[in-house]
Protein chains: 4
Amino acid sequence: MADHGFFAGLRDPEHEHPFTEAAELEALLMVERAWLQACVETGRAPIRALEAFDAEITAGRLDRHALRRGAFRDGVVVPELVRQLRAALDEQGRFLHRGATSQDIEDTALVLRLQTWADGAVEALDAASSSLAGCAVRAPGVTTMGITRMQRALPLDWSHRIEGWQRVLVGARAALLESREAVGLVQVGGPVGDRRGDLAPVAARLAELLSLRDPGYAWHSDRRPIASFASAVSQATAALGKVGADLSLLALLGAIEVEGAGHSSSMPHKRNPVTAELLVALGRRAPMHLSAITGAMLHELERSGQAWTSERWALPELCLEMTRSAELTEQLFDQLRFRIPPPSAPGGP
Amino acid sequence: MADHGFFAGLRDPEHEHPFTEAAELEALLMVERAWLQACVETGRAPIRALEAFDAEITAGRLDRHALRRGAFRDGVVVPELVRQLRAALDEQGRFLHRGATSQDIEDTALVLRLQTWADGAVEALDAASSSLAGCAVRAPGVTTMGITRMQRALPLDWSHRIEGWQRVLVGARAALLESREAVGLVQVGGPVGDRRGDLAPVAARLAELLSLRDPGYAWHSDRRPIASFASAVSQATAALGKVGADLSLLALLGAIEVEGAGHSSSMPHKRNPVTAELLVALGRRAPMHLSAITGAMLHELERSGQAWTSERWALPELCLEMTRSAELTEQLFDQLRFRIPPPSAPGGP
Amino acid sequence: MADHGFFAGLRDPEHEHPFTEAAELEALLMVERAWLQACVETGRAPIRALEAFDAEITAGRLDRHALRRGAFRDGVVVPELVRQLRAALDEQGRFLHRGATSQDIEDTALVLRLQTWADGAVEALDAASSSLAGCAVRAPGVTTMGITRMQRALPLDWSHRIEGWQRVLVGARAALLESREAVGLVQVGGPVGDRRGDLAPVAARLAELLSLRDPGYAWHSDRRPIASFASAVSQATAALGKVGADLSLLALLGAIEVEGAGHSSSMPHKRNPVTAELLVALGRRAPMHLSAITGAMLHELERSGQAWTSERWALPELCLEMTRSAELTEQLFDQLRFRIPPPSAPGGP
Amino acid sequence: MADHGFFAGLRDPEHEHPFTEAAELEALLMVERAWLQACVETGRAPIRALEAFDAEITAGRLDRHALRRGAFRDGVVVPELVRQLRAALDEQGRFLHRGATSQDIEDTALVLRLQTWADGAVEALDAASSSLAGCAVRAPGVTTMGITRMQRALPLDWSHRIEGWQRVLVGARAALLESREAVGLVQVGGPVGDRRGDLAPVAARLAELLSLRDPGYAWHSDRRPIASFASAVSQATAALGKVGADLSLLALLGAIEVEGAGHSSSMPHKRNPVTAELLVALGRRAPMHLSAITGAMLHELERSGQAWTSERWALPELCLEMTRSAELTEQLFDQLRFRIPPPSAPGGP
């Protein structure tokens, strides 16, 4: 999409690498090479084919423009990539991509990229946890007021709220690590997903080579692994959105201040809790992406171009908005200041 | 909602009991009684209070109209329920609901009802599996044509498609059983969720009495258990929607017929695959409910009336549409007939 | 759906009639009769056929159980309805439903029912406006505090907020009246929507008889009229949700009280702004229904069972939740009390 | 967001200009200048202030990095922009932005940018219409088969389908032009939206200067204009998605071919209708963006950072995906080839 102007709150340059063209190409090459090696090791291709691959193939040698054109024409970059790779491998080229279909390569490469992203997401959550730990030290010993159903309820220790926020971060971390493991599946099905041509040994070896698991069947049109991964990611973003909602309201009530918070062009006294707003807005977007990805489970027959496309558009946005939320949470807890004593009434709302 | 006219495809009378007023009341009474018993057994209430409960309280004795009015006024039925129960228990009434808040009771009762629903959902999936097994017996030995990206791909054994549909049913069953277990948590927090008044022993005993687990904290505003349950349910419905999408397209291509399928008022020769359409439409709704429930994780501060309400509206719909999908799948596989030999061209589309 | 337990905030018994089976049947009979009359007046059927209709047909004579079974089997009730009507009309029966298809009758009947619902919705908005007018009289002359981006901004007259709420009600009223007019189209297409058999004169006369307009073509698979109607309705509900959000926050800040607001089972001092919460929750659901209905514009080829089903499920819910919101708004403004002077600080949040 | 890898089907470089930083800055300067001119012409500022603006201010002179930092800190770029402009204008600086608030400037600038985008969208639809006209010339005189509810219905002239597709394009064009006009409102409210300081004459003059209308009040928190605009745009994308769904199914049935369609890496005989798939996937995303924007109508109190942010993220995506759909439609009709005679059965699905 376009840069969308000055309001870049959605962008997450730090974690976007796994979803770039460069990372996609790197992962696709890694999978094509591992597939070839699996074929060599199971007697489907000669060792010379793999040697040729290692000698000839680098990402830099490929024609990126042609890859882009191919990706757009074919709805997936693999056909043009295979064409270029086979040309580069010359007579060994026919051993490349043996028994594979584009979706086998793309999905396996996607899994590798999701795992890389998840590693970064865990780091981002850890950084937010450190920030929260620092914030906890500053928390006042005096109690605050618990708020239920938008009404003052009973006094509440600040430590209880902080534990709740910690639980959000720790819970999201655990869920992402579990999802990183669960999504770690090779995709091996062949053209119509039935593993024709005895692909089972290739799948088993491919899984070992890439530190993934072989579920024993193709999940071309059975998108539970992706939908479950998306569910964990969206829950993390939504839970961070809860933190943002808490802090927005606490700022409104005057119980906290966000240091360095936003200025107003017309009211110099204001400090708008912009970071908390962003967390809420991101938290409200995550369910939308999850809905698109879960909807893409209606993946008709052996492979759905439409559903696959929907999934591929929504997944990077979901992931990058989650890491963005983690970064903003880190920043927000760094900026959080508790007001002691609590405010005397500044004149009613 | 209203009956919505003749088109009752959304209704699932067979599984709706856990979401009725009667079942809610029954579950609430069970939780209030178990809470009281836990208080008795941990020295917070005298045994006479429990005896009074057992002697005096039945669902039939309660004023349903007053409960409805209270539920609407208070946004939850528990305050009025507690008022009636205390009145019925006379001087023992003050021991009832000790340390509890409405959400403790409602959420724990909800968990019990979700588990009951899940038991029925597993049965409905098993029935669909039996139906599919019968259908598999009828499947022709000849191959069919695999369809990828809306184009004829390569020949494919019918058995491969049938295995894929079985995987949907078996996978949904396993996921529901796992979710049934995972959601099995007592909710014990007290008014602002901090378990004030040493509620931990009550929570532990309550969990034992209800065959649930105690997570060690209140999840009033940490809705991961509900969102995860909803994720599994919506994935089941979406995966059944995939089955519907497959069968709609196979009917269009003339590879199958659905016996007893829908009539047209203007074209007597047509047999519309109505059941398959319903599965697709239900599968497209499930992500919408999931989105609402995941969005309700933005549950501000100690308790959110708004988010809780959103969750409570979406969850029964999500569940009942899932079991409806399972029933329709059972029916659809019963009606499925394979066309052998495959159709000769009836004149182009 | 099931009754969903005690929490009946979604139900709108007062406005649900147009979406009941009885109203659907009544509207379908009205359209079949008008179609027959249009055929008579354009020379396609003898006057005796219409006389037979008027002599023989009443809703009470029809076999409701068979209609329900037919609706479920055929995905639409019209085929079985036509069968019963033709049987009742005996030899005149063959003139009934001439050139029509089920969707012609269903869609035209839907339009009539939406118009009836819209009349009730306008009344509900008028009642809310009256309630707001009463509330405005009670508004204090002193200023309140404007809140922008969750921060106190500058003093603001109460009258400015009240004008904003009035604009919501007046705007929704105008938009619904406009939409009521815009959706007032007959559906006349015949089996595949091409008006074969010279249906244009029938369409023109049908429109006159039913006080609708003839767009000059069939909109079987061109669902703009429905999507536009849904857009106006969802905007109304979302705008009423804004009112609920305003009042929730003002209650939190102590600037208003909601008389008779909800009780807590554990904190007798609380008065939860339940009605305002319901408005917010309803306002957040409306975009979900709108999304489903706009998505149903992907209505493949000449008629889509799947998309049509999705639309038919979402539309009544969207409408009834909108009128429910209007009723709750009326109630909320009746209960609204301004706190004068504004609260002194009750101890911080 | 990141580039998302090779699969760039979402990007629309041709129409993205109005949503870039450069265009935003240009529009903001235009509005600040017009506001200043309106102040001059209504006696609120001296002519020298405007002369200073014209002498000193160009986009190139501004510190873009500081603007970006300010936008992120403040949640809107205007405060930092005003700071820089005032510094550049020296003693005349205090006349700039008089009575205005950030949202006045941002929203008015947004309206100007939406109008520019809409002009391009109309051109894109016109190009698609030309392409369809060329396609219509190639359409066979023989009839095809109408498909209703995923079943062969009755023979149908190709011209009827083509007219339906034309209606989509013509209807979307008309709706966009109407929306372009309807959204053409200045935003003039001041800090809390009450037009304090007699802003009415400024609003009236500002509207004239920018060829917009003055609704007579601020719509800071009354987002109907934006939601209605979004509704028209999403309906256009969804209707183009219907065209994609039609063509996908017709390609499956063998009634059409898409020239230059996608290759498969494993099945050389295949031609995947990738462009049609993209249209469907885009059509399914549009309701999601519409849902986010309609949900952002719950814009609490005088200004909502959260809702405004949600709206600002969804709107460019909605618009650019719509023009992308129009471009793909143009390309698809260029590539569309009708198969004559219709296919004889190639062996069943």
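Note that the structure is predicted; figures quoted are calculated from it, not measured. (Residues numbered from 1 in each chain as written. Chains lettered and ligands numbered in written order. Predicted model: local features only at pLDDT ≥ 70, side-chain atom pairs only at ≥ 80, totals over all residues. Heavy atoms only, no water.)

Regarding the relation of the copies chain A and chain B
- Superposition of chain A onto chain B requires a rotation of 180 degrees combined with a translation of 0.0 Å along the rotation axis, giving an RMSD of 0.0 Å. Look at the turn and shift together and you get a two-fold axis relating the two. Judged by C-alpha distance, A:S291 is the residue of chain A that lies nearest the rotation axis, at 2.8 Å.
- Counting the interface residues of chain A, we find that 100% of their copies in chain B are interface residues as well, pointing to one common contact surface. (Least-squares fit on C-alpha atoms with pLDDT ≥ 70 in both. Contact = heavy atoms within 4.5 Å.)

Digging into the packing of aromatic side chains
- According to the stated counting rule, one finds 12 aromatic pairs over all chains in the structure shown.
- Directly above the aromatic system of A:W158 lies the positively charged group of A:R161, at a separation of 5.4 Å from the ring centroid. (Phe/Tyr/Trp six-rings, centres within 6.5 Å; stacked < 30°, edge-to-face > 60°. Lys NZ or Arg CZ within 6 Å of the ring centre and 35° of its normal.)

Details of the pairing of strand β2 (residues 151-157) of chain D
Residue and element names in this part refer to chain D.
- As paired strands, strand β1 (residues 143-148) and β2 are joined by 5 bridges and run antiparallel to one another. When the bridges of β2 are listed, T143 appears paired with D157.
- Between β1 and β2, which follow one another and run antiparallel, lie 2 residues, and R149 among them has a positive phi close to 50 degrees. (Pairing = 2+ DSSP bridges. Helix = DSSP H or I, 4+ residues; strand = E, 2+ residues; numbered from the N terminus.)

With respect to the environment of D:E300
- Assignment of secondary structure puts D:E300 in the loop between α9 (274-295) and α10 (305-335).
- On the basis of relative accessibility, which here comes to 9%, the residue D:E300 falls in the buried class.
- In this structure the C-alpha to C-alpha distance between D:E300 and D:R61, which are 239 residues apart in sequence, comes to 37 Å.
- Not counting residues within four places of it along the chain, the set of residues in contact with D:E300 comprises C:M150, C:K242, C:A245, C:D246 and C:L249.
- Only 2.9 Å separates the side chain of D:E300 from the side chain of D:S304, close enough to count as a polar contact. (Buried < 20%, exposed > 50% of the residue type's maximum accessible area, 1.4 Å probe, protein only. Polar contact = N/O pair within 3.5 Å; in protein donor to acceptor, adjacent residues only side chain to side chain.)

Here's the deal with the interface of chain A and chain B
- Listed per partner, the contact involves 61 residues of chain A and 61 residues of chain B.
- For the pairing of chain A and chain B, the buried interface totals around 4800 Å² over both sides, and the portion due to carbon and sulfur atoms is 60%.
- For the chain A face of the interface with chain B, the top three residues by lost area are A:R149, A:L298 and A:L301, together amounting to 17%.
- Between the two partners, chain A and chain B, sit 2 salt bridges.
- The salt bridge involving B:E302 is made with A:R161; its shortest N-O contact spans 2.8 Å.
- Viewed at the interface, chain B and chain A are joined by 23 residue pairs in polar contact (both at pLDDT 80 or more).
- Elements supplying a minimum of two residues to the side of chain A that touches chain B: β1 (143-148), β2 (151-157), α6 (158-182), α8 (224-252), α9 (274-295) and α10 (305-335) of chain A.
- Here the side of chain A that touches chain B gets 14 residues from one element, more than from any other, and that element is α8(A).
- Residue classes in the side of chain A that touches chain B are distributed as 26 nonpolar, 20 polar and 15 charged. (Buried area = accessible area lost by both parts, 1.4 Å probe. Salt bridge = Lys/Arg side-chain N within 4 Å of Asp/Glu carboxyl O. Nonpolar A, V, L, I, M, F, W, Y, C, P; charged D, E, K, R; others polar.)

Section: the packing of helix α8 (residues 224-252) of chain C against helix α8 (residues 224-252) of chain D
- Look at α8(C) against α8(D): their axes get within 11 Å of each other, and the N-to-C directions meet at 155 degrees. The angle between α8(C) and α8(D) places the two elements in the roughly antiparallel class. The interaxial crossing formed by α8(C) with α8(D) has right-handed handedness. Along the contact surface, α8(C) presents C:R224, C:A227, C:S228, C:S231 and C:Q235, while α8(D) presents D:R224, D:A227, D:S228, D:S231 and D:Q235.
- Tallied by class, residues from the contact of α8(C) with α8(D) come to 2 nonpolar, 6 polar and 2 charged. (Axes fitted to C-alpha atoms, helices over the stretch in contact; angles between N-to-C directions. Parallel < 35°, antiparallel > 145°, perpendicular 65-115°, else oblique. Left-handed = near helix turned anticlockwise from the far one by under 90°.)

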